[in-house]
Amino acid sequence: MRIHLLAVGNRMPGWVTEAYREYAGRLPAECSLELREIPSPRRGRNAPVERLREEEGERLLAAVPRDCWVVALDEKGRGLDTAGLSRQLDQWMQSGRDVALLVGGADGLSDACRARADFKWSLSPLTFPHPLVRVILAEQIYRGWSLLRNHPYHRA
């Protein structure tokens, strides 16, 4: 199974790229994580936020590979603890389908992305900087996989 991390924004700081690659690189082929950056639309001084969010949403949805299980990262989504994420990851792996994780821009996901999602996932009730979300996702997916495989990384 491949997990496609589709995230709005590019030109991340070096530490983000390095940390993301560290955790994504630890995952085996049975659960690979691939990042695809979706360029943000140009923001003019008076550009309407809703229009920008919709444009980002169109770009995200156009990047979703065919037949993927779509997961929207959304503050109103379902929270998962580590064991719950591990179980969810196992279900995704058993389904035989790839997964697309949608991470919106600074103004969140469009309604179209939320409507298309098969599952809405909240990482936390806290608000994280978008670059950090990539690192958190990569680490948590690696942690969930390690729990499934009884790997010593997760020691809880």
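Residues numbered from 1 in each chain as written. Predicted model: local features only at pLDDT ≥ 70, side-chain atom pairs only at ≥ 80, totals over all residues. Heavy atoms only, no water.

1. Re the pattern of salt bridges
A full pass over the atoms with the stated rule returns 11 salt bridges. With its nearest N and O atoms 3.0 Å apart, the salt bridge here joins E30 to R149. Pair noted here: E30 is in the loop between α1 (14-26) and β2 (32-38) and R149 is in the segment after α5 (130-148), with a separation of 119 residues, a long-range link. Judged by its relative accessible area of 37%, R149 is partly exposed. It is possible to trace a salt-bridge network through shared partners that takes in R51, E55 and R59. (Salt bridge = Lys/Arg side-chain N within 4 Å of Asp/Glu carboxyl O. Helix = DSSP H or I, 4+ residues; strand = E, 2+ residues; numbered from the N terminus. Buried < 20%, exposed > 50% of the residue type's maximum accessible area, 1.4 Å probe, protein only.)

2. Focus: the confidence of the model for the chain
Put simply, the chain has an average pLDDT of 93, and 99% of its residues get 70 or more. Put simply, helix α2 (residues 49-63) is where the chain has its lowest mean pLDDT, 94, and strand β4 (residues 99-103) is where it has its highest, 98. (pLDDT = per-residue confidence, 0-100.)

3. Some points on the environment of L5
If you trace the backbone, L5 turns up in strand β1 (residues 2-8). In this structure the C-alpha to C-alpha distance between L5 and K76, which are 71 residues apart in sequence, comes to 19 Å. Once you skip the residues sitting within four places of it in the chain, L5 turns out to touch Y20, L33, E34, L35, R36, L101, V103, R134 and L137. (Contact = heavy atoms within 4.5 Å.)

4. What about α2?
With 15 residues, α2 extends 21 Å from end C-alpha to end C-alpha; this agrees with the ideal 21 Å at 1.5 Å per step. Buried within α2 we find L52, R53, E56, G57, L60 and A63. One face of α2 carries all of its buried residues, which in axial projection span an arc of 140°. In α2, the exposed positions that point more than 90 degrees away from the buried face belong to E58 and A62. On its buried face, α2 sits against β1, β2, β4 and α4 (111-116). (Expected span 1.5 Å × (residues − 1). Arc of directions from axis to C-beta.)

5. Description of the packing of α1 against α5
What describes two packed helices is the angle between their axes and the distance between those same axes. Remark: α1 packs on α5, axes separated minimally by 8 Å, with the N-to-C direction vectors making an angle of 15°. Judged by the inter-axis angle, α1 sits roughly parallel to α5. Here the hand of the crossing between α1 and α5 comes out left-handed. Residues W15, V16, A19, Y20, Y23, A24 and R26 of α1 form the contact with α5, whose participating residues are P131, L132, R134, V135, A138, E139 and Y142. In terms of residue class, the contact of α1 with α5 is made up of 11 nonpolar, no polar and three charged. (Axes fitted to C-alpha atoms, helices over the stretch in contact; angles between N-to-C directions. Parallel < 35°, antiparallel > 145°, perpendicular 65-115°, else oblique. Left-handed = near helix turned anticlockwise from the far one by under 90°. Nonpolar A, V, L, I, M, F, W, Y, C, P; charged D, E, K, R; others polar.)

6. Focus on the packing of aromatic side chains
With the rule as written, the count across this model stands at two aromatic pairs. Of the aromatic side chains, those joined through ring pairs into one cluster are Y142, W145 and Y153. (Phe/Tyr/Trp six-rings, centres within 6.5 Å; stacked < 30°, edge-to-face > 60°.)

7. Comments concerning the environment of A83
For A83, the location among the structural elements is in helix α3 (residues 82-95). Sequence separation of A83 and G144 is 61 residues, and the distance between their C-alpha atoms is 7.1 Å.

8. As for the sheet that holds β1
In spatial order, the strands read β2-β1-β4-β3-β5; together these five strands make up an open sheet with parallel pairing. The outermost strands of the open sheet, each flanked by one partner alone, are β2 and β5 (119-122). Recorded for the sheet is a direction-independent mean angle of 30° between the axes of neighbouring strands. The sheet strands contacting α2 are β1, β2 and β4, and the helix crosses β1 at an angle near 160°. (Pairing = 2+ DSSP bridges.)

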